[in-house]
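Descriptive structure summary
Given next are the chains, with one letter for each unit.
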Amino acid sequence: MLRKLLIGTMLSGALTAGYAAPSFADEVEVLHWWTSGGEAAALDVLKKKLESQGVTWKDMPVAGGGGEAAMTALRARVTAGDPPTAVQALGFDITDWAKQGVVGDLTDIATKEGWDKVIPAALQQFSKYDGKWIAAPVNVHSTNWIWINKKALDAAGGKAPETWDELIAVLDKMKANGISPIGHGGQAWQDATIFDAVVLAEGTDFYKQSMIDLDPAALNSDKMVEVFDHMAKLREYVDADFSGRDWNLASAMVIEGKAGMQFMGDWAKGEFLKAGQKPGVDFVCIRFPGTQGAVTFNSDQFMMFKVGDAEKKAQDLMASDIESPDFQSAFNVVKGSAPARTDVPNTAFDDCGKKAIADLAEADKNGKLFGSMAHGHANPAAVKNAMYDVITRHFNGEMDSKAAAAALAEAVAAAKG
Ligand code: GAL
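Residues numbered from 1 in each chain as written. Predicted model: local features only at pLDDT ≥ 70, side-chain atom pairs only at ≥ 80, totals over all residues. Heavy atoms only, no water.

Side note on the sheet that holds strand β9 (residues 180-182)
Strands pair in a sheet through their backbones, by hydrogen bonds, and they do so in one of two ways: parallel or antiparallel. Inclusion rule: When DSSP locates at least two bridges between a pair of strands, those strands are taken to pair. The secondary structure listing takes helices from DSSP runs of H or I that are at least 4 residues long and strands from runs of E that are at least 2 residues long, numbered from the N terminus. Lines fitted to the C-alpha atoms define the axes, with helices restricted to the stretch that makes contact. Angles between their N-to-C directions range from 0 to 180 degrees. Any two residues whose heavy atoms approach within 4.5 Å at even a single point are treated as in contact.
Read from one edge of the open sheet, four strands run β9-β10-β8-β11, paired in mixed fashion. If you trace the sheet from one side to the other, it starts and ends with β9 and β11 (283-287), each paired once. Averaged over all adjacent pairs, the angle separating strand axes in this sheet is 20°, with direction ignored. With three bridges joining them, strand β8 (residues 145-149) and strand β10 (residues 259-263) adopt antiparallel strand pairing. Along β10, the bridge assignment pairs Ile148 with Met261. Where helix α9 (residues 164-176) meets the sheet, its contacts fall on β8, β9 and β10, and the angle it forms with β10 comes to roughly 145°. Packing of helix α14 (residues 247-255) onto the sheet brings it into contact with β8, β9 and β10, and relative to β10 it is tilted by some 140°.

Right, dumping it as structure tokens:
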């Protein structure tokens, strides 16, 4: 919660100290899960911007990629009647909180600044509830990427794989070269992140039918059996210690050349950059084979909670900062994502960032842009978690592919209620 300082006290203090007082004195408490090196560096851009405007940043980090732990922590705060000012949140989670009547209203600032015209409809569906702006989108990530160590790729023939068969051939060569072909962390959301791409590789119609529309016939289909077969095949290239490993440690394996590649959203690029690596020189970014031209996206948004009048000023300022084109460029260059606005120049972005921006626009134009199941943009948490459970059990060898497809359809039906 915002800890208000009395403006008068602050003013007189400022005058005594001999520096210009901010126009208001306030604090924002921000709950987020950006705790890895790359994520923290990106968050720092926002923190510094607010601090330069006289707003104190009260950090509430809750570690855990994908944000499940952060959402649990948030529940406790809301239940106690003491929500933070702003909370990093994804897709359907935002809508779920809005339904509970606890979120704030950014409509005035959004209208004044014309967000409607520059923020894509795919994001607005989550930023708004009941016609009101309730969240400020900070980025657009996507999950169907592969991050490859350049030296390891060169040693495996030098050609980035464009098809499933080429991918397997490269993985085999990396194995023969004595490295762990895939850097992966065995956590449900990470398994599900690979699953997003493997489903999308079966075709955009299939992704939509199974992951978005939850068509039982698509969920329990021969194609879904093939998806699970592909997951089982990829599992063969993961090292023995993968269980429970954090995603950024898996990125570090690729950065250090201990692993050949990682299947991960473009927040992974933040780790490569933080380690001083350059795209095209030290690492290569490609779309998962078979998904070229299509994008499974997730957008981090700062969902705002109801606060008092004085605190509202700082909250609005934070939202306005987040949507400013300069900030969108500075932040997303570091984070690995594309801007949440369509009018931000791509000049400051590296080649992977330029590709992210171009792919997003192209996929959107061609009807090939879909919400990521793994990151809460395809369905509400109940359905997502039901899918996580089956995907992870199968990945860990607890059931075969046919049983997994049947279990997926069943689990989704039960979660839908
Ligand atoms: C995603 C989030 C990203 C990144 C990732 C790993 O859900 O959208 O910004 O933080 O989790 O922590």
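A look at the environment of Trp133
Assignment of secondary structure puts Trp133 in strand β5 (residues 132-133). Distance from Trp133 to Thr296, taken between C-alpha atoms, is 23 Å for residues 163 residues apart in sequence. If sequence neighbours within four positions are ignored, Trp133 has contacts with Gly104, Asp105, Leu106, Thr107, Ala110, Trp115, Asp116, Ile119, Gln124, Ser127 and Lys128.

Some remarks on the packing of helix α10 (residues 188-200) against helix α19 (residues 381-395)
For clarity, the cut-off: An angle below 35 degrees is treated as roughly parallel, one above 145 as roughly antiparallel, one from 65 to 115 as roughly perpendicular, and anything else as oblique. All amino acids are sorted into three groups, where Ala, Val, Leu, Ile, Met, Phe, Trp, Tyr, Cys and Pro are nonpolar, Asp, Glu, Lys and Arg are charged, and the leftover types, Gly among them, are polar.
Two elements in contact, α10 and α19, have axes whose closest approach is 9 Å; the angle formed by their N-to-C orientations is 90°. One way to sum up the angle between α10 and α19 is to call them roughly perpendicular. Contacts between α10 and α19 involve Ala188, Trp189, Asp191, Ala192 and Phe195 from the former and Tyr388, Ile391, Thr392 and Phe395 from the latter. Taken together, the residues that form the contact of α10 with α19 break down as seven nonpolar, one polar and one charged.

A short note on the sheet that holds strand β14 (residues 369-371)
Strand order across the open sheet formed by three strands is β7-β12-β14, with mixed pairing between neighbours. Two strands close off the open sheet at either side, each with one partner strand: β7 (141-142) and β14. In this structure, β7 lies alongside strand β12 (residues 295-298), joined through two bridges in antiparallel fashion. Within β12, the residue paired with His141 across the bridge is Asn298.

Structural notes on the pattern of salt bridges
Filter applied, for reference: Any Lys or Arg side-chain nitrogen found within 4 Å of a carboxyl oxygen on Asp or Glu counts as a salt bridge.
Tallied over the full model, the rule gives 18 salt bridges. For Asp116, the salt bridge goes to Lys128, with nearest N and O atoms at 2.8 Å. A residue pair is termed long-range when its members are at least 10 positions apart, and Asp116 in helix α6 (residues 115-118) and Lys128 in strand β4 (residues 128-129) qualify at twelve residues. Linking Lys159 and Glu166 is a salt bridge whose minimum nitrogen-to-oxygen distance equals 2.9 Å. In this structure, a network of salt bridges that share partners links the residues Glu29, Arg77 and Asp82.

Some thoughts on the site of the ligand
Our working definition: We call a residue near a given molecule or strand whenever any one of its heavy atoms falls within 4 Å of it. A 3.5 Å cut-off defines polar contacts: any pair of N or O atoms within that distance qualifies, except that in protein one atom must be a possible hydrogen donor and the other a possible acceptor, and neighbouring residues in sequence count only when both atoms are side-chain atoms. Reported accessibility uses the Shrake-Rupley method at a 1.4 Å probe radius. Residues are deemed covered only where the shown protein chains occlude them. The rule is simple: put a 1 Å grid over the protein atoms alone, call a set of points where a 1.4 Å probe fits but cannot get out a cavity, call an open set with protein on both sides within 12 Å along at least five of seven lines a pocket, and count a residue as lining if it has an atom within 4 Å of a point. Throughout, a molecule is located in a cavity or pocket provided that more than half of its atoms lie within 2 Å of its grid points.
In the neighbourhood of the ligand, 13 residues make up the surrounding shell, with Glu39, Asn298, Asp300, Lys335 and His375 lying closest. In this structure, Asp300 approaches the ligand through a side-chain N or O atom, which is 2.6 Å from an oxygen atom. One of the side-chain N or O atoms of His375 is found 2.8 Å from an oxygen atom in the ligand. Notes on the ligand: free accessible area 300 Å², of which the protein chains cover 100%. In this structure, the ligand is accommodated by the largest cavity. Taken together, the residues that form the shell around the ligand break down as five nonpolar, five polar and three charged.

Some remarks on the state of the cysteines
Formally: The term disulfide is used for any two cysteine sulfur atoms that are within 2.5 Å. Only protein chains enter the accessibility calculation, which uses a 1.4 Å probe; a residue is then buried when its area is under 20% of its type maximum, exposed when over 50%, and partly exposed in between.
Within this structure, the stated rule accounts for one disulfide. The disulfide that involves Cys285 links it to Cys352, with 2.2 Å between the sulfurs. With the S-S dihedral at roughly -105°, the linkage between Cys285 and Cys352 falls on the left-handed side. On the criterion of sequence distance, the pair formed by Cys285 in strand β11 and Cys352 in helix α18 (residues 351-365) is long-range, its members being 67 residues apart. Since its relative accessible area comes to 13%, Cys285 is described here as buried.

Describing the packing of aromatic side chains
The way to describe two aromatic rings as a pair is by their centre distance and the angle between their planes. We apply this condition: Think of it this way: a Phe, Tyr or Trp ring, Trp meaning its six-membered ring, pairs with another when their centres are within 6.5 Å, and the plane angle makes it stacked under 30 degrees, edge-to-face over 60, tilted otherwise. Lysine NZ or arginine CZ positioned within 6 Å of the ring centre and within 35 degrees of the ring normal marks a charge as sitting over the ring.
Applying the stated criterion across every chain, the model contains 15 aromatic pairs. A ring pair is formed by Trp145 and Trp147, whose centres lie 5.3 Å apart and whose planes are at 40°; its orientation type is tilted. Of the two residues examined, Trp145 and Trp147, each falls in the buried class. Aromatic rings pair up to connect Trp34, Phe302, Phe327 and Phe331 into one cluster. Over the ring of Phe395 we find Arg235, and its NZ or CZ is 6.0 Å from the ring centre. Just above the ring of Trp145 sits the side chain of Arg287; from NZ or CZ to the centre is 3.7 Å.

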